[in-house]
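# Structural overview for review
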Amino acid sequence: MHKEYEENFLTILGYSYRLEDIKQRLFFTFSEAVYAIDLDKLMRNEDSMRLNSIVYILVLDELIKEYLTNETNQEQKQKALEVYKKIEQRKAAENKKYHIYQY
């Protein structure tokens, strides 16, 4: 996979793994893809629309494979969860910083 897409792919895949049921992961990831691409189109952000289109296709392809075979690529799942965890930790640190200023 191209490096340009790998981190985004792992982030979205990791985000999808917050849901246990594969059917829910497919439904919500597809919904998020439509929303993200539609928003890019409305904002006329061609680069983001291209990136989101490619990355969401890759993620949905992976989820469809999992749905059809009932097999999960555990190594890829672990990488995705690690990338997602780092992003969530970064968000939590940012939120904590801004929360301090509210007092």
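Everything below is about the structure shown above.
### Considerations on the overall build of the protein chain
Regarding its fold elements, the protein chain presents 4 helices and 0 strands. Going from the N terminus to the C terminus, the protein chain shows its helices and strands as α-α-α-α. Along the longest, intermediate and shortest principal axes, the C-alpha atoms of the protein chain span 50 × 35 × 25 Å. Expressed as a percentage of the 103 residues in the protein chain, the buried residues total 31%. The contacts in the protein chain between residues at least 6 apart in sequence include a share of 72% that link residues at least 24 apart. Total accessible area on the protein chain is roughly 7800 Å²; 55% of this is exposed by carbon and sulfur atoms.

### Considering the packing of aromatic side chains
A complete count under the given rule lists 2 aromatic pairs for this structure. Residues F27 and F28 carry aromatic rings whose centres are separated by 5.1 Å and whose planes lie at 80° to one another, so their mutual orientation is edge-to-face. According to the relative accessible area criterion, F28 is partly exposed, its value standing at 37%. One Lys or Arg, R18, reaches over the ring of Y15 and ends 3.7 Å from the middle of that ring.

### Side note on the pattern of salt bridges
The final tally for this structure, using the stated rule, is 5 salt bridges. Put simply, K3 and E6 hold a salt bridge, and the shortest N to O gap is 3.2 Å. Of this pair, K3 and E6 both sit in helix 1 (residues 3–16), 3 residues apart, roughly one helical turn. Note that R25 is salt-bridged to E66, the shortest N-O span being 2.2 Å. Here the residue R25 occupies a position in helix 2 (residues 22–42), and E66 occupies one in helix 3 (residues 46–69), the gap between them amounting to 41 residues. We note that R25, like E66, is buried.

### Some details on the packing of helix 2 against helix 3
Following both chains from N to C, one finds helix 2 and helix 3 inclined at 170°, their axes separated by 10 Å at the closest point. By the angle between their directions, the pair helix 2 and helix 3 is classed as roughly antiparallel. Contacts between helix 2 and helix 3 involve I22, K23, R25, L26, T29, F30, E32, A33, A36, I37, D40 and K41 from the first element and S48, M49, N52, S53, Y56, V59, L60, L63, I64, E66 and Y67 from the second. Of the residues assigned to the contact of helix 2 with helix 3, the class counts are 13 nonpolar, 4 polar and 6 charged.

What counts and what doesn't
Residues numbered from 1 in each chain as written. Predicted model: local features only at pLDDT ≥ 70, side-chain atom pairs only at ≥ 80, totals over all residues. Heavy atoms only, no water. Helix = DSSP H or I, 4+ residues; strand = E, 2+ residues; numbered from the N terminus. Buried < 20%, exposed > 50% of the residue type's maximum accessible area, 1.4 Å probe, protein only. Contact = heavy atoms within 4.5 Å. Areas by Shrake-Rupley, 256 points an atom, 1.4 Å probe, with all protein chains shown as cover. Phe/Tyr/Trp six-rings, centres within 6.5 Å; stacked < 30°, edge-to-face > 60°. Lys NZ or Arg CZ within 6 Å of the ring centre and 35° of its normal. Salt bridge = Lys/Arg side-chain N within 4 Å of Asp/Glu carboxyl O. Axes fitted to C-alpha atoms, helices over the stretch in contact; angles between N-to-C directions. Parallel < 35°, antiparallel > 145°, perpendicular 65-115°, else oblique. Nonpolar A, V, L, I, M, F, W, Y, C, P; charged D, E, K, R; others polar.

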